[in-house]
Amino acid sequence: DAAPAGGSPGARDESRTATLTKVGGGEDKLGSETIELEHLGTDGLVAARRLVDDVRLRLHPDTADALRPSGLALRSRKVVDESASRVRRIAIESPALRQVLRRSSSGGFTLEEPTSFAVDAGLASDVSDALVKLRAERWVADHDDGSFGLDRPSARYELDLESGQIRIATGRATAGGTFARIEGRPE
């Protein structure tokens, strides 16, 4: 459970309060704790203070964002939910490489690009499985504010399915993963 102290979601320069409520599990008693978050300014870190005992931490802004109240926390983490049997082609591109895998009607993959290599069938299947059941660790914003590195993607993935194409762009790496979005969608 989280309650904003004011301001807009995702803003990193405001003081905010989050109330965290334990809902079950473990041996600890159920209850809640209030944590204040405040932008420190010079080094970009965020101060976190637990009110019950005045314990303080300095957090990276990406870590602090996970504690900030947001409607995004209620959104399903499913990004892509397709059947692997519907995959026809996968293209992977980064500044250093381009690979294209094509799936045959029998279910096996061939490597179209680069042409001088053989496909690793297990790895191709793993990539396909990961992309068709793609989940977000957490949603961070309704729109790109320019801080996620998506304006110059570190990689792009094109997934051609029987039902159409899905393009995924990845941006800046974080402590817990990499920012990403489906192209054509703002979140």
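Since we're looking at a predicted model, the values are computed, not measured.

Caption draft 1: Structural context of the overall build of the protein. Per the secondary structure count, the protein includes two helices and 10 strands. Secondary structure elements of the protein occur, N-terminal to C-terminal, as β-β-β-β-α-β-β-β-α-β-β-β. Taking all 187 residues of the protein together, the buried fraction comes to 27%. For the protein, the exposed area adds up to about 11600 Å²; of that, 50% sits on carbon and sulfur atoms.

Caption draft 2: Spotlight on the side chain of R103. Following the sequence through the fold, R103 ends up in strand β6 (residues 98-103). At 2.8 Å, the side chain of R103 and the backbone oxygen of S85 are in polar contact.

Caption draft 3: Just the pairing of strand β5 (residues 87-93), in detail. Most of β5 sits inside the fold, with five of its seven residues counted as buried. Alignment of β5 against strand β8 (residues 155-161), held across six bridges, turns out to be antiparallel. Along β8, the bridge assignment pairs V87 with L161. The pairing of β5 with β6 spans five bridges and is antiparallel. Looking at β6, one finds that I90 is bridged to L101. Where β5 folds back onto β6 in an antiparallel hairpin, the turn is made up of four residues.

Caption draft 4: The nonpolar core, seen in detail. Counting residues in each nonpolar core, the largest one holds 19 residues, and the members touching the most others are V87, I90, L159 and I166. Those elements that provide at least two residues to this core are β5, β7 (109-113), α2 (121-132), β8 and β9 (164-174). The residues touching L159, leaving out its near neighbours within four places in the chain, are V80, V87, R89, I90, L131, V132, G164, Q165 and I166. Membership of the second largest hydrophobic core comes to six residues, among which are L37, V46, L59 and A64.

Caption draft 5: Representation of the side chain of R89. Residue placement: R89 occurs in strand β5. Given the relative accessible area of 13%, R89 is considered buried. Not counting chain neighbours up to four residues away, the residues in contact with R89 comprise R98, V100, L101, R102, E112, E158, L159 and D160.

Caption draft 6: Quick look at the layout of surface pockets. When its volume is computed, the largest pocket comes out at roughly 810 Å³. Taken together, the elements giving at least two residues each to the lining of the largest pocket come down to α1 (61-65), α2, β9 and β10 (177-182). Top contributing element to the lining of the largest pocket by residue count: β10, with six residues.

Caption draft 7: Geometry of α2. Given a rise of 1.5 Å per residue, 12 residues ought to cover 16 Å, and the 17 Å separating the end C-alpha atoms of α2 matches this to within 8%. Within α2, burial applies to A124, S128, L131 and V132. Buried residues in α2, looked at end-on, bunch into an arc of 95°, giving them a common side. Buried residues belonging to α2 abut β5, β6, β7, β8 and β9. Measuring from the backbone nitrogen of G122 back to the side-chain oxygen at the start of α2 gives 3.1 Å, which picks out D120 as the cap.

So, how was this worked out
- Residues numbered from 1 in each chain as written.
- Predicted model: local features only at pLDDT ≥ 70, side-chain atom pairs only at ≥ 80, totals over all residues.
- Heavy atoms only, no water.
- Helix = DSSP H or I, 4+ residues; strand = E, 2+ residues; numbered from the N terminus.
- Buried < 20%, exposed > 50% of the residue type's maximum accessible area, 1.4 Å probe, protein only.
- Areas by Shrake-Rupley, 256 points an atom, 1.4 Å probe, with all protein chains shown as cover.
- Polar contact = N/O pair within 3.5 Å; in protein donor to acceptor, adjacent residues only side chain to side chain.
- Pairing = 2+ DSSP bridges.
- Core = buried A, V, L, I, M, F, W, Y, C linked by side-chain atoms within 4.5 Å.
- Contact = heavy atoms within 4.5 Å.
- 1 Å grid on protein atoms, 1.4 Å probe; cavity = no way out; pocket = protein on both sides within 12 Å on 5 of 7 lines; lining within 4 Å.
- Points joined across faces, edges and corners; volume = space filled by probe spheres on them.
- Expected span 1.5 Å × (residues − 1).
- Arc of directions from axis to C-beta.

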